[in-house]
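These are the residues of each chain, in order.
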Amino acid sequence: MPLPTLRDQRIAIIGGSSGIGYAVAECSLAEGAQVVIGSSSADNVEAAVARLGPGAAGSAVDVRDEASVTGFFERTGQIDHLVFTAGDWGPHLAPNPDTKLSPSTAAEALKVRVFGPLLAIKHAQARLSANGSVTLTGGLLAHRPRKGAPLSTALGGTLEHLARGLAADLAPIRVNAVCPGLILTEHVVSQWPPEMIKGITAQLPLPRAGEPAEVAQAYLYLMRAGYTTGQVIIVDGGAMLV
Ligand SMILES: NC(=O)c1ccc[n+]([C@@H]2O[C@H](COP(=O)([O-])OP(=O)(O)OC[C@H]3O[C@@H](n4cnc5c(N)ncnc54)[C@H](OP(=O)(O)O)[C@@H]3O)[C@@H](O)[C@H]2O)c1
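Residues numbered from 1 in each chain as written. Predicted model: local features only at pLDDT ≥ 70, side-chain atom pairs only at ≥ 80, totals over all residues.

## Looking at the overall build of the protein
For step 1, the next point in the chain: In terms of regular secondary structure, the protein is built from 8 helices and 7 strands.
For step 2, the next point in the chain: Computed over the C-alpha atoms, the radius of gyration of the protein is 17 Å, within 12% of the 18 Å expected from 2.2 N^0.38 for a compact globule of 242 residues.
For step 3, the next point in the chain: Sorting the 242 residues of the protein into buried and exposed places 43% on the buried side.
For step 4, the next point in the chain: For the protein, long-range pairs separated by at least 24 residues make up 70% of all intrachain contacts whose partners lie at least 6 apart in sequence. (Helix = DSSP H or I, 4+ residues; strand = E, 2+ residues; numbered from the N terminus. Rg over C-alpha atoms; globule rule 2.2 N^0.38 Å. Buried ≥ 20, exposed ≤ 12 C-beta atoms within 10 Å, placed from the backbone. Contact = placed C-beta atoms within 7 Å.)

What follows is the structure in structure tokens.
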């Protein structure tokens, strides 16, 4: 059997214009893959494609809008892998001790992070290689709840179980998830005070936040790993141990 590689594989990354998704695109390109990124702002996509350079393409897609998702996959054509890292940061998900629970905030929170992957998979499925894969994105709050963020805990858990259910349902297409701890993406760096980041990470076995390229390695592994499905890889600096 030839050694698994992403060389010449075609990878669609929804959420690829920044943060974790951008790092997955960058690392995949470094391995010789072709990437097609998507996110809701055409300007963000255009800027990211230019930064990524040769091998990268992309177009706007708003995963809250089914017609937009249909159009995106018509443009991507045949793909080997789908990576979903899109996430919004509305007030419904802010780490705020005053968060109020209501069905309407919960419904808002579901749109991008839960219904988004469902719509993406619905429209990508026919275009995915039979030995291809889907990788979803959860989050450590699924396992380490914090005051003020109950919806993030529920969404992270939902994503992990969605990956398990879809792995059984879509086989032989493989479906897995990555569960990141705190990762220094543009959003986190710009919105979270350094003392807050330090406070969350100081007690970890690896006492710092992760870099986007470090968590991207889990996505690359899951795309290459032809005998792995229904799994969740936690990349958290050891936060699950403490
Ligand atoms: N960073 C962390 O510490 C961390 C930890 C645990 C879990 N996560 C999860 O990992 C995912 C990515 O996080 P990140 O830090 O990389 O965030 P990010 O840098 O803000 O990236 C989010 C991406 O999603 C896109 N997006 C937002 N709304 C969209 C929509 N309606 N349709 C399509 N694309 C949309 C954004 O681009 P546009 O603005 O152009 O749409 C952007 O490309 C999120 O689900 C987050 O919950 C992150």
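Picking up after the structure, the text goes on.
## Notes on the sheet that holds strand β4 (residues 79-84)
For step 1, the next point in the chain: Strand order in the open sheet formed by 7 strands is β3-β2-β1-β4-β5-β6-β7, and the pairing between neighbours is parallel. A strand with exactly one partner marks an edge of an open sheet, and here the two such strands are β3 (56-60) and β7 (232-235). For this sheet the average axis-to-axis angle between neighbouring strands, irrespective of direction, equals 20°.
For step 2, the next point in the chain: In the packing of helix α2 (residues 42-52) onto the sheet, contacts are made with β2 (34-39) and β3, and the angle to β3 comes to roughly 175°. (Pairing = 2+ DSSP bridges. Axes fitted to C-alpha atoms, helices over the stretch in contact; angles between N-to-C directions.)

## Remarks on the site of the ligand
For step 1, the next point in the chain: Around the ligand, 31 residues are found, and the nearest of them are G19, S39, S40, G87 and G139.
For step 2, the next point in the chain: Sorting the residues of the shell around the ligand by element identifies α1 (19-30), α4 (103-124) and α6 (186-191) as the ones contributing at least two each.
For step 3, the next point in the chain: Across the shell around the ligand, the residue classes tally to 11 nonpolar, 15 polar and 5 charged. (Near = placed C-beta within 6 Å. Nonpolar A, V, L, I, M, F, W, Y, C, P; charged D, E, K, R; others polar.)

## Comments concerning helix α5 (residues 150-170)
A turn of α-helix holds 3.6 residues, and therefore any two residues three or four places apart point the same way.
For step 1, the next point in the chain: For α5, spanning 21 residues, the distance from its first C-alpha to its last is 30 Å, which sits close to the expected 30 Å at 1.5 Å a residue.
For step 2, the next point in the chain: Within the span of α5, buried status applies to S152, L155, G156, L159, E160, A163, L166 and A167. For α5, the buried positions fall inside an angular range of 135° around the axis, keeping them on one side. Exposed side chains of α5 directed beyond 90 degrees from the buried face belong to G165, A168 and D169.
For step 3, the next point in the chain: Those residues of α5 that are buried lie in contact with α4, β5 (128-137), β6 (174-180) and β7. (Expected span 1.5 Å × (residues − 1). Arc of directions from axis to C-beta.)

## Some points on α1
For step 1, the next point in the chain: Over its 12 residues, α1 runs 17 Å from end to end, which matches the ideal 16 Å to within 8%, given 1.5 Å per residue.
For step 2, the next point in the chain: Buried within α1 we find G19, I20, G21, Y22, A23, V24, A25 and S28.
For step 3, the next point in the chain: Residue G32 follows α1 closely and has a positive phi angle near 95°.

## Re unusual backbone geometry
For step 1, the next point in the chain: The peptide bond linking A171 to P172 adopts the cis configuration, its omega dihedral lying at 15°.
For step 2, the next point in the chain: In this structure, P172 sits in the loop between α5 and β6.
For step 3, the next point in the chain: Positioned with a positive phi, D8 is a non-glycine residue whose angle comes to about 65°.
For step 4, the next point in the chain: Taking the C-beta count within 10 Å as the criterion, D8 has 10 such neighbours and is therefore assigned exposed.

## Brief notes about the environment of M196
For step 1, the next point in the chain: For M196, the position within the fold is in helix α7 (residues 194-201).
For step 2, the next point in the chain: Looking at M196, the number of C-beta atoms within 10 Å reads 13, which means it is partly exposed.
For step 3, the next point in the chain: Separated by 148 residues in the primary sequence, M196 and A48 have C-alpha atoms spaced 28 Å apart.

## Description of the nonpolar core
For step 1, the next point in the chain: With 64 residues, the main nonpolar core has I13, V35, I37, L82, A120 and Y219 as its most contacted residues.
For step 2, the next point in the chain: Broken down by element, the residue count for this core peaks at 7 residues, all from helix α8 (residues 212-224).
For step 3, the next point in the chain: Setting aside chain neighbours within four positions, we find L82 in contact with A12, A120, A124, L128 and V134. (Core = buried A, V, L, I, M, F, W, Y, C linked by C-beta atoms within 7 Å.)

## Here's the deal with the pairing of β5
For step 1, the next point in the chain: In terms of burial, β5 is a largely internal element, 7 of the 10 residues being buried.
For step 2, the next point in the chain: Examined bridge by bridge, β4 and β5 share 4 bridges and lie parallel to one another. The residue bridging H81 from the neighbouring strand is S133, located in β5.
For step 3, the next point in the chain: As paired strands, β5 and β6 are joined by 5 bridges and run parallel to one another.

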